[in-house]
Amino acid sequence: MSAILVLVEHLKGAMPEVTFEMLGAARKLGDALQAQVHAVAVGKGVSAFASQLGVADNVIVVEDASLEPPSAELVLAVLKQQMEQKQASRVLLGGTNVSFGLGARLSARTGVPFINFCKGARVEGGAVVLTSAVFGGKILSDVRLADSQGIVSVYPGSFPPDAGKSPRTPPVEKMAAPAVDCKVTFRRLIEPEAGDIDITKQDVLVSCGRGIQNADNIPLAEELATVLGGAVSASRPVVDQGWLPLTRQVGKSGMNVSPKLYLALGISGAPEHWEGMKGAQLVVAVNTDPKAPIFDFAHYGATVDCLDILEPLKEAIAKKKAAK
Amino acid sequence: MNQFVLLKMVPDTVEELNVASDNQSLDSEFLRFKLSDPDEHALEQALLLKEKQGGTVTVVALDAPEVDDVLFTALAKGADRAVKIPVDQTKLGTAATAKVFAAFFTSGGATLAPLTLVMPGSQANDDLEGELAPFLAEALQLPYLGVVSSVALEDGGKKAVVLKEFAGGLRGEFEVPLPAVLGIQSAEKPPRYVPVAKVRAVMKSAKIETVSVAAPEKAAALDLEKMYKPEAAGRAQMLEGSPEEIAGKLADLLAERGII
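Of the regular secondary structure elements, chain B holds six helices and 13 strands. With respect to the principal axes defined by its C-alpha atoms, chain B has extents near 65 × 45 × 40 Å. For chain B, buried positions account for 49% of its 260 residues. If you take every contact in chain B between residues at least 6 apart in sequence, the share linking residues at least 24 apart comes to 71%.

Okay, here's the thing in structure tokens:
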């Protein structure tokens, strides 16, 4: 039966959890379909990762010191080659910025359909059915894979990473990097400017979304953050508007935070944002839209305008602290 | 330099979305469409580049509700040409939409001259089948990069130097030779505002061109079994009352939890 390939996600010498999420999901599907699971790792120093990938039947390594990072053209060539050699018509890719665009391009080159935003997979009637979140997570769609063939982008946080971890050391197959014509050239990585605040180290984050309305209201959020002993963070739209710097952005392209308290003000809670704050211990969301997706994963919520609650909350907290 | 900004109308997720009785599509009753956010950024990025380098900016869209307003707004913002392809985009998956745009570029609707940038938004909320930009790049055999947050031109406009976003605020700097497809995530500046009065004036003075392209054979690349609303896995405990009352309840809650 056709094999499953998992593209090992990595950046700056580390593998994010989504790699293990994919391995666990692939293993489960592989067992149900009696299909082999091959992990594919391309880049500089990737053989060092192999010993952690024991959930896969084996690990295919394309390694070279020059591949930092490996070009998209190279990764596509390796995947296409492995799809042919291993008769693998199922490929799992991480839904991250690193692997962005690979799925569509691989689909165009191989004719195997690509399914995006995948949050769940099951086998039903002998075929693979994938559940994806679309329209900012407000709607789910179930897609049945014809002949169980598909290239899938796995949404980080969708599958249990522990299912993809094993002490077993898998066999490693080394492969030479195929020659590719690469037009896009990587120059360098640019670290975010060291901001005043590292939001990943804060116990409390007062996070501003579109509902904060304009830059003038940010200082009010900062006052509230100060009273709570924390800092202000933001969702993408606020940073795109220039109201707060990139270092304050929580989400897929921003930071991953896990504070004790995440107070989400006027944030709708799209999957890209949730991805960055799902580690928060207590999530309180304020949004005028009762159907905002954020209420599906917040612990507490209120449907008042966040601008109306800033002052009262600051006062109530100051009062509570004084009483202690 | 020629820039083509590709615009896609998507369901406005600010509204409540419901599934139609066929369980395969969105209920159209209260459905509103809006321009996909990254596409608005793509237009802004193109206009910024035009201000620096000159050349023309052409916006292209398929047919969808409210698209004329969006095209006129683009002209009011400073685009030179607006083209509408009379194919119903709302019936097509992203792969098919990419085929229509590819046909636009190869069948004479546009010229892929050397100094050309094709810039759709990096992705859209209905991209179940994948993103428009990479599909288009493959069809046109052009270099591609997505999640782009800034574009500068070097070497007399023959090469773009772009920043791609990674996680944690990290960005990668890449060189992309023109002609190329760039999926724009965010422009270097927030999208500019244009007064409604100016858009109305443009509606009177300018025209949206029509370029016919054959509708693709296959509208959907995937076998969609059903579409449905998620069951909330864990619903938030909602706090009721006035803002002051809610503030009080929250303060109590945080004190109980030892956060304050």
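What follows continues from the structure just given.
Here the focus is the environment of Ser205 of chain B. Residue and element names in this part refer to chain B. In this fold, Ser205 is placed in helix H5 (residues 196-205). Of the residues examined, Ser205 has 8 C-beta atoms within 10 Å and is grouped as exposed. Measuring from C-alpha to C-alpha, the distance between Ser205 and Pro120 comes to 26 Å, with 85 residues separating the pair along the chain.

That bond from Glu68 of chain A to Pro69 of chain A is cis: its omega, -5°, falls within 30 degrees of zero. Of note, Pro69 of chain A is situated in the loop between strand E3 (58-63) and helix H2 (72-85). With omega at 0°, the peptide bond leading from Leu178 of chain B into Pro179 of chain B counts as cis. Examined against the element boundaries, Pro179 of chain B turns out to sit in the loop between strand E9 (171-177) and strand E10 (180-184). Here the phi dihedral of Gln87 of chain A falls at roughly 50°; this positive angle occurs in a residue that is not glycine. The exposure class of Gln87 of chain A is exposed, given the 12 C-beta atoms found within 10 Å. The phi dihedral of Asp147 of chain A is positive, around 55°, even though this residue is not glycine. If you trace the backbone, Asp147 of chain A turns up in the loop between strand E7 (139-144) and strand E8 (150-154).

Looking now at the domain arrangement of chain A. All names here are of chain A. Once the domains are mapped, chain A shows domain 1 (3-174) and domain 2 (199-323). Computed over C-alpha atoms only, the centres of domain 1 and domain 2 are separated by 33 Å. Across the side of domain 1 that touches domain 2, the residue classes tally to three nonpolar, four polar and one charged.

The contact between helix H7 (residues 306-323) of chain A and helix H6 (residues 243-256) of chain B brings their axes to 8 Å, and the two run at 40°. Classed by the angle they form, the pair H7 of chain A and H6 of chain B counts as oblique. Once H7 of chain A is placed against H6 of chain B, the crossing between them reads as right-handed. Contact residues: H7 of chain A offers Asp308, Ile309, Pro312, Leu313, Ala316, Ile317 and Lys320 of chain A, while H6 of chain B offers Pro243, Glu244, Ile246, Ala247, Gly248, Leu250, Ala251, Leu254 and Ala255 of chain B. Partitioned by chemical class, the residues of the contact of H7 of chain A with H6 of chain B number 12 nonpolar, one polar and three charged.

Across its 18 residues, H7 of chain A extends 25 Å between first and last C-alpha, which sits within 8% of the 26 Å expected from 1.5 Å per residue. Taking the largest bend as the criterion, H7 of chain A deviates by roughly 25°, centred on Pro312 of chain A. When H7 of chain A is considered as a whole, its buried residues turn out to be Cys306, Ile309, Leu310, Leu313, Lys314, Ala316 and Ile317 of chain A. Looking at the buried side of H7 of chain A, the elements it contacts are helix H4 (218-227), strand E13 (261-265) and strand E14 (282-286) of chain A together with H6 of chain B.

Attention now moves to the interface of chain A and chain B. Taken together, the contacts link 76 residues of chain A with 67 residues of chain B. Of all the elements in the fold, those that place two or more residues in the side of chain A that touches chain B are helix H3 (102-110), strand E5 (114-124), strand E6 (127-134), E7, strand E10 (185-190), E14, strand E15 (300-302) and H7 of chain A. Residue contributions to the side of chain A that touches chain B peak at eight residues, all from H7 of chain A. Looking at the side of chain A that touches chain B, its residues break down into 40 nonpolar, 19 polar and 17 charged.

Quick look at the sheet that holds E6 of chain A now. With mixed pairing, 10 strands are arranged side by side in an open sheet as E9(A)-E3(A)-E2(A)-E1(A)-E4(A)-E8(A)-E5(A)-E6(A)-E7(A)-E12(B). The sheet terminates laterally at strand E9 (172-174) of chain A together with strand E12 (223-228) of chain B, the two strands that pair on one side only. With direction set aside, neighbouring strand axes in the sheet form an average angle of 30°. Across three bridges, the pairing between E5 of chain A and E8 of chain A is parallel. Opposite Ile115 of chain A, over in E8 of chain A, you have Val152 of chain A as the bridge partner.

Calculation notes
Residues numbered from 1 in each chain as written. Chains lettered and ligands numbered in written order. Predicted model: local features only at pLDDT ≥ 70, side-chain atom pairs only at ≥ 80, totals over all residues. Helix = DSSP H or I, 4+ residues; strand = E, 2+ residues; numbered from the N terminus. Buried ≥ 20, exposed ≤ 12 C-beta atoms within 10 Å, placed from the backbone. Contact = placed C-beta atoms within 7 Å. Domains from an automatic or database assignment. Nonpolar A, V, L, I, M, F, W, Y, C, P; charged D, E, K, R; others polar. Axes fitted to C-alpha atoms, helices over the stretch in contact; angles between N-to-C directions. Parallel < 35°, antiparallel > 145°, perpendicular 65-115°, else oblique. Left-handed = near helix turned anticlockwise from the far one by under 90°. Expected span 1.5 Å × (residues − 1). Bend = angle between axes of the 7 residues up to and from the residue. Pairing = 2+ DSSP bridges.

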